[in-house]
Amino acid sequence: MGFRKKNKSPPVLSHEFVIQNHADMVSCVAMIILLGLMFEVTAKYAIMFITVQYNVTQSLDEKIEPVNLYLYGPKDMATVFFYLLIAVILHALIQEYILDKMNRRLHLSKTKHSKFNESGQLAAFYLFSFIWGCSILTAEEFATNPTFLWDGYPHTHMVFQVKFFYICQIAYWLHALPELYFQKVRKEDIPRQLYYICLYVAHITGAYVLNLQRLGLVLLVPHYLVELLFHASRLFYFSDENKQKGFTLWALLFVIARLLTLTLSVLTFGFGLPRAENQGFSLAEGNFNVLTIRMTCLAAICLTQAWMMWKFINFQLKKWREHSQIQASKKKAISPKSKSQKKDPSRSAANGLVKLEDKTSPRARKAKAS
């Protein structure tokens, strides 16, 4: 892990060396890109990595000043790469200065240690993304007019906050792939993490490329709130196993979030977009409002929600079985004690008489005999 002092330095460019110093190496790459801004020859290339590209000035009204809007294009891949490097650095900082210190105090097992690190990283990301997404949605009219999800489609022009939000989202979930190697994630945990990482990348990138940024943003905010509650509850559970009330609230909000996602998706792809003015397929205009793409998007969202509900039901059933087994073991442990306690008084009384008789002295016995 980067930013950490090691007594023994492994061989250069070995696996252990890369894992221990990956944050430092990534920081050097990011610094080289930033230094490119200082020279005129490299500035035009370096700025492509750092700033948001495809700026378009649009005048909405004669009396209002022109508004800076943004499109998407292939240069966005360079921007995503740079903020992927930033995500790796931030990941290492959170791990080194927050999570590792908490782990030393809690003394967790290897399994709980891995889950604690995962929940700590995701909780920080979900909290930041939820607050950022809410700040963007406050400027929209969704609360009073849900038709803004499909009105004026295709939504090719984005404000800076929306585009930068999607750039950071894609960069974060892409950075999670090499982190599986950097964090030495256990082999049994890799498939589970790969599933949800790939789903995030596919859905967020799909919403960005298909000009469905409004729908994607509206669906991400409540989803991130539910995931934030789950990982925060798991962190509290690892610190104290008696703190499990958060999981109950999470279970309720999880089901509500799935229903909300399905409702908005069906409303958008089934009723809103089919009635929109711009129908047809055009890459130049960014229009993907055709039946095939609409049904594909809706099917992908429905299948993802069904898969999440299936995992959720299995998780709840597993917890219920574990709870029932614990209760049954407690009853078995209590029942023998209660039986023995009922039999003890009579036995103790008889034993007491025997002991009293045994404790009588020989002189007393002779006196009684005489």
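Computed from a predicted structure; not experimentally measured.

Rules of the game
- Residues numbered from 1 in each chain as written.
- Predicted model: local features only at pLDDT ≥ 70, side-chain atom pairs only at ≥ 80, totals over all residues.
- Heavy atoms only, no water.
- Helix = DSSP H or I, 4+ residues; strand = E, 2+ residues; numbered from the N terminus.
- Buried < 20%, exposed > 50% of the residue type's maximum accessible area, 1.4 Å probe, protein only.
- Contact = heavy atoms within 4.5 Å.
- Phe/Tyr/Trp six-rings, centres within 6.5 Å; stacked < 30°, edge-to-face > 60°.
- pLDDT = per-residue confidence, 0-100.
- Polar contact = N/O pair within 3.5 Å; in protein donor to acceptor, adjacent residues only side chain to side chain.
- Axes fitted to C-alpha atoms, helices over the stretch in contact; angles between N-to-C directions.
- Parallel < 35°, antiparallel > 145°, perpendicular 65-115°, else oblique.
- Left-handed = near helix turned anticlockwise from the far one by under 90°.
- Core = buried A, V, L, I, M, F, W, Y, C linked by side-chain atoms within 4.5 Å.
- Expected span 1.5 Å × (residues − 1).
- Salt bridge = Lys/Arg side-chain N within 4 Å of Asp/Glu carboxyl O.

Colleague: I'd like a description of the overall build of the protein chain, backed by residues and values.
Modeller: The number of helices and strands found in the protein chain is ten helices and four strands. Taken from the N to the C terminus, the helices and strands of the protein chain come in the order α-α-β-β-α-α-α-α-α-α-β-β-α-α. A total of 370 residues make up the protein chain; the buried ones form 36% of that total. Considering only intrachain contacts with a sequence separation of at least 6, the fraction spanning at least 24 residues in the protein chain is 69%.

Colleague: Run through the packing of aromatic side chains, naming residues and quoting values.
Modeller: The tally for this structure, following the rule as stated, stands at 35 aromatic pairs. Their ring planes at 5° and their centres at 3.9 Å tell us that W173 and Y200 sit as a pair that is stacked. One end of the pair, W173, is in helix α5 (residues 160-182); the other, Y200, is in helix α6 (residues 190-209), and 27 residues separate them in sequence. For W173, a relative accessible area of 1% translates into the label buried. Taking relative accessible area as the criterion, Y200 reaches 10% and is therefore assigned buried.

Colleague: Quick one: what's the story with the confidence of the model for the protein chain, residue by residue and with numbers?
Modeller: The predicted coordinates of low-pLDDT regions are not to be read in fine detail. Taken residue by residue, the protein chain gives an average pLDDT of 86. The fraction at 70 or more is 85%. Under a pLDDT of 50 for its full length, residues 353-357 has, in the predicted model, one contact with residues more than four places off or in other chains.

Colleague: Explain the side chain of R234 to me, using residue names and the numbers behind them.
Modeller: Here R234 is to be found in helix α7 (residues 213-239). A polar contact of 2.6 Å, which involves the side chain of R234, links it to the side chain of S119. Not counting residues within four places of it along the chain, the set of residues in contact with R234 comprises K115, E118, S119 and F247.

Colleague: Could you give an account of the packing of helix α3 (residues 76-106) against α5, with specific residues and numbers?
Modeller: Between α3 and α5, the least distance of the axes is 7 Å, while the angle of their chain directions is 60°. It follows that α3 is oblique to α5 by the angle criterion. Both α3 and α5 take part in a crossing whose hand is right-handed. Touching D76, T79, V80, Y83, L84, A87, V88 and H91 of α3 are K163, F164, I167, I170, A171, Y172, L174, H175 and E179, all from α5.

Colleague: Describe the nonpolar core, with residues and values.
Modeller: Residues Y126, Y166, W173, I204, Y224 and F269 are the most contacted members of the largest nonpolar core, which totals 60 residues. Within the residue set of this core, elements represented by two or more residues are α1 (15-35), α3, α4 (110-137), α5, α6, α7, α8 (245-272) and α9 (291-359). Per element, the largest residue contribution to this core is eleven residues, and it comes from α5. Residues in contact with Y224, not counting those within four places in the same chain, are F125, Y126, S129, F130, Q169, W173, Y200 and I204. Judged by nonpolar contacts, the second largest core, of nine residues, contains V226, F230, W250 and A257.

Colleague: Quick one: what's the story with α6, residue by residue and with numbers?
Modeller: Helix length check: α6 (20 residues) gives 28 Å between terminal C-alpha atoms against 28 Å at 1.5 Å per residue, within 8%. Where α6 is buried, its residues meet α3, α4, α5 and α7.

Colleague: If you had to explain the environment of V218 to someone new, which residues and values would you point to?
Modeller: Relative to the elements of secondary structure, V218 occurs in helix α7. Overall, the relative accessible area of 4% leaves V218 in the buried class. For the pair V218 and G133, spaced 85 residues apart in sequence, the C-alpha to C-alpha distance is 8.2 Å.

Colleague: Pulling in residues and values, what's your account of unusual backbone geometry?
Modeller: Here the bond from Y153 into P154 is cis, since omega is 5°, no more than 30 degrees from zero. Locating P154 in the fold gives a position in the loop between α4 and α5. Its identity as a non-glycine residue notwithstanding, Y54 has a phi of 65°, on the positive side. By secondary structure assignment, the location of Y54 is in the loop between α2 (40-50) and β1 (55-58). Residues other than glycine seldom take positive phi values, yet N211 does so here, at roughly 60°. Assignment of secondary structure puts N211 in the loop between α6 and α7. A relative accessible area of 1% means that N211 is categorised as buried.

Colleague: Please give an account of the pattern of salt bridges that cites residues and values.
Modeller: This structure, assessed with the given rule, holds six salt bridges. Of the charged contacts, one joins K184 and E16 as a salt bridge, the two residues approaching to 2.9 Å between their closest N and O atoms. Of this pair, K184 sits in the loop between α5 and α6 while E16 sits in helix α1; the two residues are 168 residues apart in sequence, bridging distant segments of the chain. The class for K184 is partly exposed, based on a relative accessible area of 48%. Exposure remark for E16: the relative accessible area of 30% places this residue in the partly exposed category. Its salt-bridge partner being K163, residue D76 comes within 3.1 Å of it at the nearest N-O pair. Residue D76 is found in helix α3, and its partner K163 is found in helix α5; the two are separated by 87 residues along the sequence. An identical accessibility class is assigned to D76 and K163; each is buried. Among the charged side chains, a salt-bridge network with shared partners connects E118, R192 and R234.

Colleague: How would you explain the environment of A176 if you had to name every residue and give the values?
Modeller: In this fold, A176 is placed in helix α5. Judged by relative accessible area, which is 12%, A176 ranks as buried.

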